[in-house]
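# A look at the structure
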Amino acid sequence: MEQTRTEEKINRAVLVGLHADCLSRMENATESSMEELEALLETAGGLCIGVVLQNKATPDPRTFIGEGKVAEVRQLLEAGQADLAVFDNDLSPSQMRVLTEELGVQTIDRSALILDIFAQRARTREGRLQVELAQYQYLLPRLTGMWGHLVRQTASGGKSPIGTRGPGETQLETDRRHIRRKIAKLEEELEEVRRVRGVQRERRIKNELPVVAIVGYTNAGKSTLLNALTGASIPANNRLFDTLDTTTRTLVLSDTCTILISDTVGFIRKLPHHLVEAFKATLEELTFADLLIHVIDASNPEWREQAETVDNLIAELGAAQTPCIEVFNKSDLCEGDIMPHGENIVSVSARTGEGLHQLLAMLRSRLDEGAHRVKLCFPYDKAGMVDMLYREAKVESVEYGEAIEVTAVCTLKILGQVREYQCSD
C-alpha cells in the first residue's frame, strides 16, 4: 500500500539589499550582511535562490531600489519559482506595499524575518509574550499597506463617500484598535514579569549572590560556554538565535563564593528596535549584573563589527558601566593569528575546554574579593558589631551564650575590623 507523505512547503526567496551613500554603515547592505541574511533565512526554514545587491546614491522613495532593479528581481523570482522577497534594509510600510504589488510575491524586510525566527523559537510564556508584543508593535504602522483593501464598512452607511461619514468604521480602524488593546494587555503582562523578576532580584541581593550575565553576538557560543562552566545541558547548536529564553545556573568559584550566571538572547546587527524594547524584561538583567561576560566569536573575520554591535546594544540597555570581561571563544578554530590579549580579555574554546581555567581565575579575582569564613566571639557590649556584619558581610549563624558567637563570610576589609574578636578554636 502506497504511503502518502505531506511535506512542509519551503519558502524559496530572493534576497535584496541596497548600499547607498546617504545611509549609515549600520543601515547599508554589504556582502557580509547579505550572507548573514541568508543564514537568517535558513534559520527561519527558507531557501535562498538568488541575491541582488544594488549600489545607488539614495534609496528610491517609492520602490527603494529603483524600477530597473525591481524588474530584475521580478525576473529572478519568476525564474526560480520563488514566493518571497527579503530585503536586508528596513522598508517603510508604503515601500513594502508597492514592492509586494510590483514583485507579485510577499515582500518582507530583515526585521520581519528576525521576528518570525523569534516567534518560532520562543518556548517560555515570557519569551512568547515578548515576541508577540514586538510583532504587534511592528505590525501597527504597516496596517495601512497590508490591509489597504479592507476599507469596507463594518456598520451601515453604504459604499459611497457620504456613507463613510456615518457611524460605521473601517476594518482598518477596527484592526488598529484591536492591536492597540493587545499591545496594552501584553505590556501589562510583561510589567508583571518585571515585578516578579524584581522580587527574585531582591532575594538574590539579600542572599548576596553575585550575578554574571553572558552576552554576545548570536551564534558566538554563549550556551556552549555556560554548559562548559556549569555542567548545564542547554541545547547549543550552530545556528542563529538558538537561545531566546534566559537560563540561569549557579557556579561555585570557591568555598566562600558562589555566583549566578545567566545566558541571554544573542544580539545581531539591525536588531529590530521593537524586539529590543520587548525583550527589556529579560535584558534588564544586564543592568543589575555585577559582571558581564562578552563572548566574541574569534573565528569570525568580522568579530570587530559584531563586538561593536553588542557594545552599542549594551549601551542602549543602560549597562555600559557594568564591568565586563571579553571572552574570545572558538580559539581552536583560529589559525596563525595572534589572539587578542589584555587585562580583561581571555581566549577560550568552550567546545574543547581550552582556557576555561583562566576565565574561572579571572571570575574569582573579580568576584571572590578574598572572602574568608571565620568564627567571631563578641562580648555583649559589642553587639553593634553583629549589626555591622549583617550589613557588610554574609552572616551564616549567630549563637547567644557567654558571648555572641557569629560565623560569617567576610572580605579582607571587614576582617581587619573584627580580627581581635576572632575565636581561637
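Residues numbered from 1 in each chain as written. Predicted model: local features only at pLDDT ≥ 70, side-chain atom pairs only at ≥ 80, totals over all residues. Heavy atoms only, no water.

This brings us to the overall build of the protein. Per the secondary structure count, the protein includes 15 helices and 13 strands. Residues counted as buried form 47% of the 425 residues belonging to the protein. The contacts of the protein with a sequence gap of at least 6 include a subset with a gap of at least 24, amounting to 67%. A total of about 22,100 Å² of accessible surface is found on the protein, and carbon and sulfur atoms cover 49% of it. (Helix = DSSP H or I, 4+ residues; strand = E, 2+ residues; numbered from the N terminus. Buried < 20%, exposed > 50% of the residue type's maximum accessible area, 1.4 Å probe, protein only. Contact = heavy atoms within 4.5 Å. Areas by Shrake-Rupley, 256 points an atom, 1.4 Å probe, with all protein chains shown as cover.)

This part is about the side chain of Asp-263. Take Asp-263: it is sitting in strand β7 (residues 257-263). Salt bridges are absent for the buried Asp-263, whose nearest opposite-charge side chain, Lys-222, sits at 5.4 Å. There is a polar contact of 2.6 Å between the side chain of Asp-263 and the side chain of Ser-223. (Lys, Arg positive; Asp, Glu negative; His and termini not counted. Salt bridge = Lys/Arg side-chain N within 4 Å of Asp/Glu carboxyl O. Polar contact = N/O pair within 3.5 Å; in protein donor to acceptor, adjacent residues only side chain to side chain.)

The biggest cluster of nonpolar side chains holds 74 residues, and the ones touching the most others in it are Leu-40, Val-86, Phe-241, Phe-267, Leu-271 and Leu-286. Once you skip the residues sitting within four places of it in the chain, Phe-241 turns out to touch Leu-40, Ile-114, Ile-117, Phe-118, Arg-121, Thr-218, Val-265, Gly-266, Ile-268 and Leu-271. Grouped together as the second largest cluster of nonpolar side chains are 24 residues, Val-212, Val-348, Ala-350 and Met-362 included. (Core = buried A, V, L, I, M, F, W, Y, C linked by side-chain atoms within 4.5 Å.)

Before going further, it helps to spend a moment on the packing of aromatic side chains. Applying the stated criterion to the full structure yields four aromatic pairs. Seen from their ring centres, Trp-303 and Phe-328 are 4.9 Å apart, and the 90° between their planes marks the pair as edge-to-face. Of this pair, Trp-303 sits in helix α12 (residues 303-316) while Phe-328 sits in strand β9 (residues 324-329), and the two are 25 residues apart along the sequence. For Trp-303, a relative accessible area of 18% translates into the label buried. (Phe/Tyr/Trp six-rings, centres within 6.5 Å; stacked < 30°, edge-to-face > 60°.)

Turning our eyes to something else, we now look at the sheet that holds strand β5 (residues 211-216). Read across the open sheet, the six strands follow the order β6-β7-β5-β8-β9-β10; overall the sheet is mixed. Of all the strands in the sheet, the pair left with one neighbour each is β6 (247-254) and β10 (345-347). Neighbour to neighbour, the strand axes of the sheet diverge by 25° on average, direction disregarded. With seven bridges joining them, β6 and β7 adopt antiparallel strand pairing. When the bridges of β7 are listed, Val-252 appears paired with Thr-258. Packing of helix α8 (residues 222-230) onto the sheet brings it into contact with β5, β6, β7, β8 (291-297) and β9, and relative to β7 it is tilted by some 155°. Packed on one face of the sheet, α12 meets β5, β8 and β9 and runs near 155° to β8. (Pairing = 2+ DSSP bridges. Axes fitted to C-alpha atoms, helices over the stretch in contact; angles between N-to-C directions.)

It is worth spelling out the sheet that holds strand β12 (residues 394-400) at this point. The antiparallel open sheet is built from three strands, whose spatial order is β11-β13-β12. This sheet does not close on itself; its edge strands, each paired only once, are β11 (372-378) and β12. Looking at each pair of strands side by side, their axes are set apart by 15° on average, direction ignored. Bridge analysis of β11 against strand β13 (residues 404-410) gives seven bridges, and the strand direction is antiparallel. Bridged to Lys-375 within β13 is Thr-407. Contacts from helix α14 (residues 384-392) reach β11, β12 and β13 within the one sheet, and its direction differs from that of β12 by about 155°.

A few words now on the confidence of the model for the protein. Mean pLDDT over the protein works out to 83, with 86% of the residues at or above the 70 mark. In this model, residues 1-6 is a region of pLDDT below 50 whose contacts with residues beyond four sequence positions or in other chains number zero contacts. Within the model, the stretch residues 147-168 combines pLDDT values under 50 with 22 contacts to residues more than four positions away or in other chains. (pLDDT = per-residue confidence, 0-100.)

In the structure shown here, the tally under the stated rule is one cavity of 30 Å³ or more. What lines the largest cavity is Phe-118, Val-265, Gly-266, Phe-267, Leu-271, Leu-275, Val-276, Phe-279 and Leu-283. Across the lining of the largest cavity, the residue classes break down as eight nonpolar, one polar and no charged. (1 Å grid on protein atoms, 1.4 Å probe; cavity = no way out; pocket = protein on both sides within 12 Å on 5 of 7 lines; lining within 4 Å. Points joined across faces, edges and corners; volume = space filled by probe spheres on them. Nonpolar A, V, L, I, M, F, W, Y, C, P; charged D, E, K, R; others polar.)

Let us now look at the packing of helix α4 (residues 110-121) against helix α5 (residues 125-139). For the pair α4 and α5, the least separation of the axes is 10 Å and the interaxial angle reads 155°. Between α4 and α5, the angle falls in the class roughly antiparallel. Two packed elements cross with a definite hand, and for α4 against α5 that hand is left-handed. Across the interface between the two elements, Ser-111, Ala-112, Leu-115, Phe-118 and Ala-119 from α4 touch Val-131, Ala-134, Gln-135 and Tyr-138 from α5. Broken down by class, the residue content of the contact of α4 with α5 amounts to seven nonpolar, two polar and no charged. (Parallel < 35°, antiparallel > 145°, perpendicular 65-115°, else oblique. Left-handed = near helix turned anticlockwise from the far one by under 90°.)

Attention now goes to α8. Among the residues of α8, those classed as buried are Lys-222, Ser-223, Leu-225, Leu-226, Asn-227 and Leu-229. At the exit of α8 stands Gly-231, carrying a positive phi of roughly 75°.

A word on the state of the cysteines. This structure, assessed with the given rule, holds one disulfide. Here Cys-377 is linked by a disulfide to Cys-423, with a sulfur-sulfur distance of 2.1 Å. Here Cys-377 and Cys-423 share a disulfide; its torsion about the S-S bond, 105°, makes the bridge right-handed. Of this pair, Cys-377 sits in strand β11 while Cys-423 sits in the segment after α15 (412-418), placing them 46 residues apart in sequence. (Disulfide = S-S within 2.5 Å.)

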